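Structural characterization, general
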Amino acid sequence: SRSLSVLPSSAIYSDKAVQPVGNHWIVWLDVNITDRVNGVPVNESVRRLGLRVVRYDIDREANPWQLAIDGIEHDLPLIGEKEAKNINAKTSKGD
């Protein structure tokens, strides 16, 4: 299984986090991705994802902003597996 969690640094809005590109936007999120087999972590990485956001013609009551995530346009590694494991080990110990 794969789990994805948004890092706290991505929770703060800034103009750098949203980039207009033609008729869509790129929204940048820093995430921690953990792959597990039978509940045991086998791979971890911290990545910066550029999500493509587009206008979406849908009922305004269902989606007042009429926006939708259209996919991942960029997937950039921020740190490798070894560094991610070290950070998570420190975090789980309460440091």
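Analysis parameters
Residues numbered from 1 in each chain as written. Predicted model: local features only at pLDDT ≥ 70, side-chain atom pairs only at ≥ 80, totals over all residues. Heavy atoms only, no water. Helix = DSSP H or I, 4+ residues; strand = E, 2+ residues; numbered from the N terminus. Buried < 20%, exposed > 50% of the residue type's maximum accessible area, 1.4 Å probe, protein only. Contact = heavy atoms within 4.5 Å. Areas by Shrake-Rupley, 256 points an atom, 1.4 Å probe, with all protein chains shown as cover. Patch = residues over 30% accessible without salt bridge, like charges linked within 9 Å, V, L, I, M, F, W, Y side chains within 5 Å. Salt bridge = Lys/Arg side-chain N within 4 Å of Asp/Glu carboxyl O. pLDDT = per-residue confidence, 0-100. Pairing = 2+ DSSP bridges.

1. Regarding the overall build of the protein
Helices and strands together make up the secondary structure of the protein, namely one helix and five strands. Written out in order from the N terminus, the α and β elements of the protein read β-β-β-β-β-α. A burial count over the protein gives 23% of its 95 residues as buried. When contacts within the protein are restricted to residue pairs at least 6 apart in sequence, those whose partners lie at least 24 apart make up 49%. As displayed, the protein offers around 7000 Å² of accessible surface, 55% of which is attributable to carbon and sulfur atoms.

2. Description of a nonpolar patch on the surface
A contiguous nonpolar patch, built from Val37, Val40 and Val42 and spanning about 240 Å² of accessible area, is present on the exposed surface. With respect to the helices, strands and loops of the structure, Val37 is situated in strand E3 (residues 24-37).

3. Some words on the pattern of salt bridges
Under the counting rule described, the total for this entry stands at five salt bridges. Between Asp30 and Arg48 there is a salt bridge, with the nearest N and O atoms lying 2.6 Å from each other. Note that Asp30 is positioned in strand E3 and Arg48 in strand E4 (residues 40-55), a separation of 18 residues in sequence. Overall, Arg48 belongs to the partly exposed group, its relative accessible area being 32%. Between Arg47 and Asp75 there is a salt bridge, with the nearest N and O atoms lying 2.5 Å from each other. Linking Arg47 in strand E4 with Asp75 in strand E5 (residues 67-79), this pair joins segments that are 28 residues apart in sequence.

4. Let's talk about the confidence of the model for the protein
Mean pLDDT over the protein stands at 84; residues scoring 70 or higher make up 80%. When mean pLDDT is taken per element in the protein, E3 scores highest with 93 and helix H1 (residues 81-92) scores lowest with 57.

5. Regarding the environment of Asn38
Checked against the element boundaries, Asn38 lands in the loop between E3 and E4. Sequence spacing of Asn38 and Ser1 is 37 residues, and the spatial spacing of their C-alpha atoms is 8.2 Å.

6. Some words on the pairing of strand E2 (residues 18-21)
Pairing of E2 with E3 involves four bridges; the strand directions are antiparallel. Across the sheet, the residue bridging to Val18 is Val27, located in E3. The hairpin turn running from E2 into E3, its antiparallel successor, is two residues long, and Gly22 in that turn takes a positive phi close to 60°.

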